[in-house]
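Residues per chain are reported as follows:
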Amino acid sequence: MTSPLEQLGMIALRRMDPEAAHGFALKALQMGLGPKGGPFTTPRLATTVAGLALPNPVGLAAGFDKNATALAPLARCGFGFVEVGAATPRSQAGNPKPRLFRLTEDRAAINRFGFNNDGKEAITARLARRPKGGVLGLNLGANKDSADRSKDFAKVLVACGPHLDFATVNVSSPNTEALRDLQGKTALAALLEGVMEANATLSRPIPIFLKIAPDLSDLELADVADVATKGGLSAIIATNTTLSRDGLKSPHAGEKGGLSGAPLFEKSTRVLARLAGLTDLPLIGVGGISSAEEAYAKFLAGASAVQLYTALVYGGISLVDEITRGLDRLLARNGYANVADAVGKGRETWT
Ligand SMILES: Cc1cc2nc3c(=O)[nH]c(=O)nc-3n(C[C@H](O)[C@H](O)[C@H](O)COP(=O)(O)O)c2cc1C
């Protein structure tokens, strides 16, 4: 349940410029104003994905804490796992402002941040002071002006990897020109080979995930699944934001960038279900989750864990606990002893 204080905070935040509001929300968390209970867990929710033991399978998606400045507060917010970043080798400012838009009528957001972040050195220093316990991952990105973007992912991994439980190769952001071209079969295979070689140099290699766009064709999806499986990856995250603008009502619908939130739910869930038919790798479902029912639908479609971001803008941070507890009830009601038993049980609905 949202507390009256959180409700007031949400009203104030929604009146501010979206990027400023995001900065405030992060500050509030850093000041200790967020939840403190830690992740809700039951034997039904506890699961292992890609070798990572999760107290519950509801995670924070990349982009919320790009610079890893709220690791300890986020660990107490109820997420079963947290992904921070994206981090690039060198710090960069990202695209000119405004670059984040609230599409209130659509319960959605459009962002064109373009990997604004403090760079791998600053982020490594913060990761080194991470709280003990919890499952923490980093989204790996590439510098806009890099001479060889494909090498950037490995550079960030080598620097930050010793402090992480997993890392995600993000070649699916629509906000760095031509980044998505790295999802092509040949380019992706070479990129992943470099990342896996870098991972092998760590004293403790970590599971590497790949995050994909929801705008891939069936053929492209099959290629990605094939390359990821052969490349030795541990999971695929489906999906990042979309370039599609179908059915939007908000005046900001025409803004350039990636669309997230409610309108992405169906599209990303279809991609997830198709992917589940193409690979045995565990899948992490993300895109438009704002309720326990939607989280549950992602598991039935083939996800072994889920992540969310945009719904927090509209529902507040207490939504995490609400979704996790609701998911536990839905699993119980449908006769599942563990969330892993529900994975893919309703895939045909989405393919
Ligand atoms: C403001 C914003 C910034 C984001 N930054 C990143 C990022 O740096 N790396 C990434 O892989 N995804 C990023 N994403 C995408 C989210 O991680 C997620 O895949 C997408 O928003 C769909 O989930 P949602 O509908 O629950 O928000 C960002 C999303 C938003 C809204």
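Let me begin by describing the structure that accompanies this report.

1. What about the side chain of Thr279?
Next, step 1: Counting through the fold element by element, Thr279 comes out in the loop between helix 8 (265-276) and strand 12 (283-286).
Next, step 2: At a separation of 3.0 Å, a polar atom in the side chain of Thr279 contacts the main-chain amide nitrogen of Leu281.
Next, step 3: Setting aside its immediate chain neighbours within four residues, Thr279 contacts Ala225, Thr229 and Ile236.

2. Quick word on the site of the ligand
Next, step 1: In the neighbourhood of the ligand, 24 residues make up the surrounding shell, with Ala62, Lys211, Gly261, Gly288 and Thr310 lying closest.
Next, step 2: At a separation of 3.2 Å, an oxygen atom of the ligand approaches a polar backbone atom of Ala86.
Next, step 3: Between Asn139 and the ligand, the recorded distance is 2.9 Å, taken from a side-chain N or O atom to a nitrogen atom.
Next, step 4: In isolation the ligand exposes 610 Å². Once the protein is present, 97% of that is buried.
Next, step 5: Going through the elements one at a time, strand 4 (81-87) and strand 11 (258-261) are the ones with two or more residues in the shell around the ligand.

3. Some remarks on the packing of aromatic side chains
Next, step 1: One pass over the structure, following the stated rule, counts four aromatic pairs.
Next, step 2: For the pair Phe64 and Tyr309, a centre-to-centre distance of 5.5 Å together with 80 degrees between the ring planes defines the contact as edge-to-face. Here the residue Phe64 occupies a position in the loop between strand 3 (58-60) and helix 3 (71-75), and Tyr309 occupies one in the loop between strand 13 (305-308) and helix 10 (310-315), the gap between them amounting to 245 residues.
Next, step 3: With 4.7 Å between their ring centres and 20 degrees between their planes, Phe166 and Phe209 make a pair best called stacked. Taken together, the positions of Phe166 in strand 8 (residues 166-170) and Phe209 in strand 9 (residues 208-212) put the pair 43 residues apart, joining distant regions of the chain.

4. Description of the nonpolar core
For soluble globular proteins, the rule of thumb is that nonpolar side chains tend to be buried together.
Next, step 1: Counting 85 residues, the largest nonpolar core has Phe79, Leu127, Leu138, Phe153, Val169, Leu210 and Ile212 as its most contacted members.
Next, step 2: In terms of residues, this core owes the most to one element, helix 9 (residues 292-301), which gives seven residues.
Next, step 3: When neighbours within four sequence positions are excluded, Leu127 is seen to be in contact with Ala68, Leu71, Val84, Leu136, Leu138, Cys160, His163 and Leu164.
Next, step 4: Ranked by size, the runner-up nonpolar core spans 13 residues in total, among them Leu52, Leu54, Phe81 and Ala235.

5. Section: the sheet that holds strand 6 (residues 108-111)
Next, step 1: In spatial order, the strands read 5-6-11; together these three strands make up an open sheet with antiparallel pairing. Whereas interior strands pair on both sides, the edge strands pair on one side only; in this sheet they are strand 5 (100-103) and strand 11. Within this sheet the neighbouring strands show an average axis-to-axis angle of 20 degrees, counted without direction.
Next, step 2: Relative to strand 11, strand 6 is paired through four bridges, and the arrangement is antiparallel. Residue pairing across strands places Ala108 opposite Gly261, the latter belonging to strand 11.

6. Details of the side chain of Thr310
Next, step 1: Within the secondary structure, Thr310 sits in helix 10.
Next, step 2: By relative accessible area, which is 10% here, Thr310 ends up buried.
Next, step 3: A distance of 2.6 Å separates polar atoms of two side chains, one belonging to Thr310 and the other to Ser260.

7. Side note on helix 5 (residues 149-160)
Next, step 1: For helix 5, which comprises twelve residues, the first-to-last C-alpha distance of 17 Å matches the rise-based estimate of 16 Å (1.5 Å per residue) to within 8%.
Next, step 2: Those residues of helix 5 lying buried are Arg149, Asp152, Phe153, Ala154, Val156, Leu157 and Cys160.

8. A look at the environment of Asp65
Next, step 1: You can see Asp65 is positioned in the loop between strand 3 and helix 3.
Next, step 2: Between the C-alpha atoms of Asp65 and Val82, which are 17 residues apart in sequence, the distance is 9.4 Å.
Next, step 3: With near-sequence residues (within four places) excluded, Asp65 lies in contact with Leu26, Ala70, Leu71, Leu74, Val84 and Gly85.
Next, step 4: Polar side-chain contacts of Asp65 include one of 3.2 Å to the backbone nitrogen of Ala68.

Rules and cut-offs
- Residues numbered from 1 in each chain as written.
- Predicted model: local features only at pLDDT ≥ 70, side-chain atom pairs only at ≥ 80, totals over all residues.
- Heavy atoms only, no water.
- Helix = DSSP H or I, 4+ residues; strand = E, 2+ residues; numbered from the N terminus.
- Polar contact = N/O pair within 3.5 Å; in protein donor to acceptor, adjacent residues only side chain to side chain.
- Contact = heavy atoms within 4.5 Å.
- Near = heavy atom within 4 Å.
- Areas by Shrake-Rupley, 256 points an atom, 1.4 Å probe, with all protein chains shown as cover.
- Phe/Tyr/Trp six-rings, centres within 6.5 Å; stacked < 30°, edge-to-face > 60°.
- Core = buried A, V, L, I, M, F, W, Y, C linked by side-chain atoms within 4.5 Å.
- Buried < 20%, exposed > 50% of the residue type's maximum accessible area, 1.4 Å probe, protein only.
- Pairing = 2+ DSSP bridges.
- Axes fitted to C-alpha atoms, helices over the stretch in contact; angles between N-to-C directions.
- Expected span 1.5 Å × (residues − 1).

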